[in-house]
Amino acid sequence: MSTLPRKITFYNGMKMPIIGLGTWQIKPEEISTALDAALELGYRYIDTAHMYQNEEAIGKTLKKWFDSGKLKREDIFIVTKLPGKGNHAESVEKYLKRSLEAFQLDYVDLYLIQGPIGLEDIGEEFLPKNEKGQWVVDYSTDLVGIWKAMEAQVDAGRARSIGLSNFNSRQIAKIVKAARIRPVYLQLELNVYFQQRELVAFCKALDIAVCAYAPLGSPGMNVKLKSLDVPVTENPDLMKDPVVCKVAKQHNKTPAQILLRHCIQRDIIVIPKSVKPDRIKENLQIFDFELTKEEVEELNSLDKRQAGRRFHLDTISWVVSHPEYPFSDPY
């Protein structure tokens, strides 16, 4: 069995690795160490977002690799995302150009709408707030209008493909119906406790590739969310689940490797985040074994459905009241 990452092919013929380096919560000063380790090991997909505030650091590290001749631009698959305050047709091009300037690149391989909720495009803060400390939400968000502006970025050559993140099936269907260039990809929260089977099936029926963020449960998410004034709850550690640990022992693998393997056997792309070279290496070592049918069934049984969701804003009334709040729908 091959130990190299295989690729997923989009409906438009583009290919991307089924595993990438997630960079949410990786600070700019940590990017070089993490990205150098990942590229040395064979990672070729880098996932980030304008909101992560590390695009410039990623760009500097990539330029070093390109200038050395070790890699060419076409060897790397780069995904970044339009922030919520960019969810206006007239703002899409501005934010993509800012990302490209930070990367020191002419194009990204895939550009995503990070979420369907729009914020007012005011000030320099990523989450603009009013005098009450509430996010300044734009309740008139026009998803179709934003998508048309995304299509224009493909026409201009600034994005090779375009896609979505944190959209529900109703919103995806709305985009697909109106699209001239259909989304190739949906990035969503997904792990063994929150398997999103209905939404994954919906996307696959439309030939939309699916990528799981937080496939390991995002152990450090609470610290980051608290810094954004998002209420959090304590969640169980997926990597300590008895079933996951039992299957890991059977394969002489780590629980993290089992969780990632469970996703890719469903043809779901994964973007685990780490800054530690040994963990980055470990996360890539999931192509030399296969879960049995019985093991898959055991892991499938861990699905808590909506109760397993960790990233939600249900306690923030001025966000939940937005007409495009995505998590009110069953899927």
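Everything discussed here concerns the structure shown above.
Everything in this summary refers to the structure shown in the same document. Just so it is clear, the structure is predicted and the values come from calculations on it, not from any experiment.

In the structure shown here, the tally under the stated rule is 18 salt bridges. Among the salt bridges present, the one from glutamate 324 reaches arginine 170, with a minimum N-O distance of 3.7 Å. With glutamate 324 in the segment after helix H12 (317–320) and arginine 170 in helix H5 (residues 169–178), the pair connects residues that are 154 residues apart, well separated along the chain. Its relative accessible area of 37% is what places arginine 170 among the partly exposed residues. For arginine 170, the salt bridge identified is with aspartate 329, shortest N-O distance 3.0 Å. Highlighted residues: arginine 170 in helix H5 and aspartate 329 in the segment after H12, separated in sequence by 159 residues.

With that settled, consider the sheet that holds strand S10 (residues 185–189). In spatial order, the strands read S3-S4-S5-S6-S9-S10-S11-S12; together these eight strands make up an open sheet with parallel pairing. Edge positions in the open sheet fall to strand S3 (21–22) and strand S12 (269–270), since each of these has one partner strand only. For strand S9 (residues 159–165) and S10, the ladder comprises two bridges, and the chain directions are parallel. By the bridge assignment, leucine 164 is partnered in S10 with leucine 186.

It is a probe the size of a water molecule, rolled over the atoms, that shows where empty space is left. A volume near 310 Å³ is recorded for the second largest pocket. Every residue lining the second largest pocket is counted, 17 residues in all, and those nearest its centre are His50, Gln53, Glu55, Arg98 and Phe126. Of all elements in the fold, only helix H2 (55–68) and helix H3 (92–103) reach the threshold of two or more residues within the lining of the second largest pocket. Broken down by element, the lining of the second largest pocket gets its largest block of residues, four residues, from H3. Residue composition of the lining of the second largest pocket, grouped by class: five nonpolar, four polar and eight charged.

Looking at the element boundaries, serine 99 is found in helix H3. Setting aside residues no more than four positions away along its own chain, serine 99 makes contact with His50, Glu55 and Thr80.

This part covers the nonpolar core. Formed by 96 residues in total, the largest nonpolar core has its most connected members in Phe10, Tyr45, Tyr111, Ile172, Tyr185, Leu186 and Ile269. Every residue in contact with tyrosine 45, bar those within four places of it in the chain, is listed here: Met16, Pro17, Ile19, Gly20, Leu21, Phe77, Val79, Tyr185, Gln187, Cys211, Ile269 and Ile271.

Turning to helix H8 (residues 242–251), its buried residues are Val244, Val247 and Ala248. Buried residues of H8 fall within an arc of 105° about the axis and therefore sit on the same side. Within H8, the exposed residues directed more than 90 degrees away from the buried face are Pro242 and Lys249. On the buried face of H8, the contacting elements are helix H9 (255–264) and helix H11 (293–300). The N-capping residue of H8, defined by a side-chain oxygen 2.9 Å from the backbone nitrogen of valine 243, is aspartate 241. One or two residues past the end of H8 sits asparagine 252, with phi positive at roughly 55°.

Thresholds applied
For every chain, the first residue of the written sequence is number 1, and numbering continues from 1 onward in sequence order. pLDDT decides what is reported in this predicted model: residues at 70 or higher carry local features, side-chain atom pairs at 80 or more are listed and counted, and totals for whole chains, interfaces and linings draw on all residues regardless. Each side-chain value is worked out from all heavy atoms of the structure, with water and hydrogens disregarded. Any Lys or Arg side-chain nitrogen found within 4 Å of a carboxyl oxygen on Asp or Glu counts as a salt bridge. Only runs of H or I of at least four residues qualify as helices and only runs of E of at least two qualify as strands under DSSP, and these elements are numbered from the N terminus. The classification of residues rests on relative accessible area computed with a 1.4 Å probe and restricted to protein chains. Under 20% of the type maximum is buried, over 50% is exposed, and intermediate values are partly exposed. Paired strands, as defined in this entry, are two strands with at least two bridges between them according to DSSP. Detection works on a 1 Å grid of protein atoms alone, calling trapped sets that fit a 1.4 Å probe cavities and calling open sets with protein on both sides within 12 Å along at least five of seven lines pockets, with lining residues defined by an atom within 4 Å of a point. Grid points are joined across faces, edges and corners, and a volume is the space filled by probe spheres set on the points. Asp, Glu, Lys and Arg are counted as charged, while Ala, Val, Leu, Ile, Met, Phe, Trp, Tyr, Cys and Pro are counted as nonpolar; the rest, among them Gly, fall into the polar class. Whether two residues are in contact is decided by their heavy atoms: any pair within 4.5 Å suffices. Throughout this description, the term nonpolar core refers to a set of buried Ala, Val, Leu, Ile, Met, Phe, Trp, Tyr and Cys residues connected via side-chain atoms within 4.5 Å. It is the directions from the helix axis to the C-beta atoms that the arc portrays. The definition of a polar contact used here is a pair of N or O atoms within 3.5 Å, where within protein one atom must be able to donate a hydrogen and the other to accept one, and adjacent residues in sequence count solely through side-chain atom pairs.

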